[in-house]
Amino acid sequence: MLVKEYRICMPLTTEEYRVGQLYTISKHSHQESEKGEGVEVVKNEPHEDPVHGPGQFTEKRVHLSSKLPSWARAVTPRIFYITEKAWNYYPYTITEYTCSFLPKFSIYIETKYEDNCGDSENIFRSDKILGDHEVSFLDIAFDEIPERYYRSLEDPRFFSSAKTGRGPLREGWRQHTKPIMCSYKLVTVKFEVWGLQTRVEQFVHKVIRDILLIGHRQAFTWVDEWCGMTMEEVRRYERETQEATNEIIGLVAPTISVSEVGQPTATHSAPASAPSTPLSDEAPDFLAPPKARPRKKSAPETLTLPALRERASAE
C-alpha cells in the first residue's frame, strides 16, 4: 500500500468549484467516450450517511480495452472495465476504484475542499493513516503534464476568463490570488502482488498525478462554460451528458436520479470522481517493452456535444 497526499489549489471558491467539478467530469467523460468505449454511468442517486449527512452516490464503469497502451493490452483480457464508486458529501468526498479482473488492485481517494492556499496541516487526521505519507503540491499552471494531453486553450498561463476576469496565472499565483481554494486528496493505492507491488503502486501514483493536473486545469479553463450555473442546472447537464455518453458507448442509459434530496441507503462515506483516466502510453520500467509503433497525435483542441447543443438551442 502506497499513500500520498496531493494538494491542488484553484483560483475559485469552494462553492464555485462544486459546480465546476460536476460540469468538468460530465463533459470530459463524454469527450473520452467512443462506440463501446468510455464511461458508463450505472447509478447516480441521493445517498444519506449517518456521519456526513445527505450526499450523492455514483457508480461508473470505465470501459478501456483498446485505449490501453500496447504493453497493458498484452497482459489484460480483451474486454474489461474499472469500476468507480463515489460518495459526494461536498466539501468532503470519497472515491474507490477497483478492476474487473484484478481483485488485488484498488485505489481509494479521500478528498476535502477548503478556501485556503493549501496550508491546512493534518487535515485527514494522521491517526487514521499508518505511518507518514508524502505531501505533494500540484501547480495547475506550471507543473508539467504529458505532451500528448497538452491543449493551448487549457493552459492556465495563457487563459483569461471573460466572465470572472481571472487569469492568466503567473509565477507565484498561489500566494497572491483571490479567491483561492484547495483540493486536499489522500490517495491510497494497493496492488498486493509479490514482486510487483512497489513498482506498480508507484506507477499508478504517477498516472494519478497527471489525471489530477489535467482535470483541475480543465475545470478552471472551462470556467466561462459553467460559471453562473445553479446546482439544478448542472445536475440537469450531468444527467443529459450521462444519457448521451451511455448511448455513444452502445449501452442503454439507465434511469438516473439526480435529486439533491438525500434518501437512506447503505452507509458509506466521500471525492466526487476525477475526470476519466488519461492513460499513459509509456510502460513502467519493470515491463520495458519495445516500442512497436509511433505515438498517436493529440486530440483536437476542442470537442463539442452536438446533440446537447441542438437541444439547448431548441429550448
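The following refers to the structure shown.

Definitions and cut-offs
Residues numbered from 1 in each chain as written. Predicted model: local features only at pLDDT ≥ 70, side-chain atom pairs only at ≥ 80, totals over all residues. Heavy atoms only, no water. Phe/Tyr/Trp six-rings, centres within 6.5 Å; stacked < 30°, edge-to-face > 60°. Helix = DSSP H or I, 4+ residues; strand = E, 2+ residues; numbered from the N terminus. Buried < 20%, exposed > 50% of the residue type's maximum accessible area, 1.4 Å probe, protein only. Lys NZ or Arg CZ within 6 Å of the ring centre and 35° of its normal. Pairing = 2+ DSSP bridges. Contact = heavy atoms within 4.5 Å. Expected span 1.5 Å × (residues − 1). Salt bridge = Lys/Arg side-chain N within 4 Å of Asp/Glu carboxyl O. Core = buried A, V, L, I, M, F, W, Y, C linked by side-chain atoms within 4.5 Å. Disulfide = S-S within 2.5 Å. Axes fitted to C-alpha atoms, helices over the stretch in contact; angles between N-to-C directions.

This structure, assessed with the given rule, holds six aromatic pairs. Between tyrosine 17 and tyrosine 113 the ring centres are 5.4 Å apart and the planes differ by 45 degrees, which places this aromatic pair in the tilted class. Placement of tyrosine 17 in helix H1 (residues 14–32) and of tyrosine 113 in strand E6 (residues 105–114) is noted, with a sequence separation of 96 residues between them. The burial state of tyrosine 17 is the same as that of tyrosine 113; both residues are buried. Three or more aromatic residues joined by ring pairs form one cluster here, namely Tyr17, Tyr90 and Tyr113. A cation over a ring is seen here: lysine 27 above tryptophan 222, with NZ or CZ 4.2 Å from the ring centre.

It is worth spelling out the pairing of strand E1 (residues 2–10) at this point. For a regular strand, side-chain orientation follows a simple rule: the groups alternate between the two sheet faces. With respect to burial, E1 is a largely interior element, eight of its nine residues being buried. Of the pairings in the sheet, the one linking E1 to strand E7 (residues 134–138) comprises five bridges and is parallel in character. Bridging from a neighbouring strand, lysine 4 pairs with glutamate 134 of E7.

Here we come to the environment of valine 19. With respect to the secondary-structure elements, valine 19 resides in helix H1. C-alpha separation for the pair valine 19 and alanine 219, spaced 200 residues apart in sequence, amounts to 9.6 Å. For valine 19, the residues in contact, after removing those within four places along its chain, are Trp226, Met229, Met231 and Val234.

Turning next to H1. In this model H1 runs 26 Å from its N-terminal to its C-terminal C-alpha over 19 residues, within 8% of the 27 Å that 1.5 Å per residue would give. With 15 of its 19 residues buried, H1 lies for the most part within the structure.

Within the secondary structure, aspartate 155 is located in the loop between E7 and helix H3 (173–176). Here aspartate 155 is in contact with Ala141, Tyr150, Arg217 and Thr221, once residues within four sequence places are set aside.

Let's shift gears to the pattern of salt bridges. For the structure shown, the criterion picks out 10 salt bridges. A salt bridge links glutamate 134 to lysine 4, with the nearest nitrogen and oxygen atoms 3.9 Å apart. Of this pair, glutamate 134 sits in strand E7 while lysine 4 is found in strand E1, placing the two residues 130 residues apart along the sequence. The partly exposed category is assigned to glutamate 134, whose relative accessible area is 42%. Judged by relative accessible area, lysine 4 falls into the buried class, the value being 18%. Between arginine 7 and glutamate 5 there is a salt bridge, and its shortest N-O distance comes to 2.7 Å. Judged on exposure class, the residue arginine 7 and its partner glutamate 5 are both buried.

Moving on: the nonpolar core. Met10, Tyr17, Ile107 and Ile208 are the most contacted members of the largest nonpolar core, which totals 52 residues. Looking at which element gives the most residues to this core, the answer is helix H4 (residues 197–221), with eight residues. Those residues in contact with isoleucine 107, other than ones at most four positions away along the chain, are Thr95, Glu96, Tyr97, Val187, Thr188, Val189, Val204 and Ile208. Formed by five residues, the second largest nonpolar core is a distinct cluster that contains Phe57, Trp87, Tyr89 and Ile94.

Turning to the state of the cysteines, a few remarks are in order. Evaluated as defined, the whole model comprises zero disulfides. Summary of cysteine pairing: cysteine 9 is not part of a disulfide, and the nearest cysteine sulfur, belonging to cysteine 182, is at 4.1 Å. Note on cysteine 9: relative accessible area 1%, which makes it buried.

We now examine unusual backbone geometry. A cis amide bond, omega 15 degrees, links tyrosine 90 with the succeeding residue proline 91. Structurally, proline 91 is set in the loop between strand E4 (81–89) and strand E5 (92–99). In this model, asparagine 122 sits at a positive phi of 55 degrees, which is unusual for a non-glycine residue. Tracing the backbone through its elements, the reader meets asparagine 122 in the loop between E6 and E7. Classification of asparagine 122 by relative accessible area gives partly exposed; the value is 48%.

The strand order across the open sheet formed by eight strands is E2-E3-E4-E5-E6-E8-E1-E7, and the pairing between neighbours is mixed. Every interior strand has two partners, whereas the edge strands, strand E2 (38–49) and E7, have only one. Across the sheet, the mean angle from the axis of one strand to that of its neighbour is 15 degrees, orientation sign disregarded. The sheet contact formed by E6 and strand E8 (residues 181–191) spans 10 bridges and is antiparallel.

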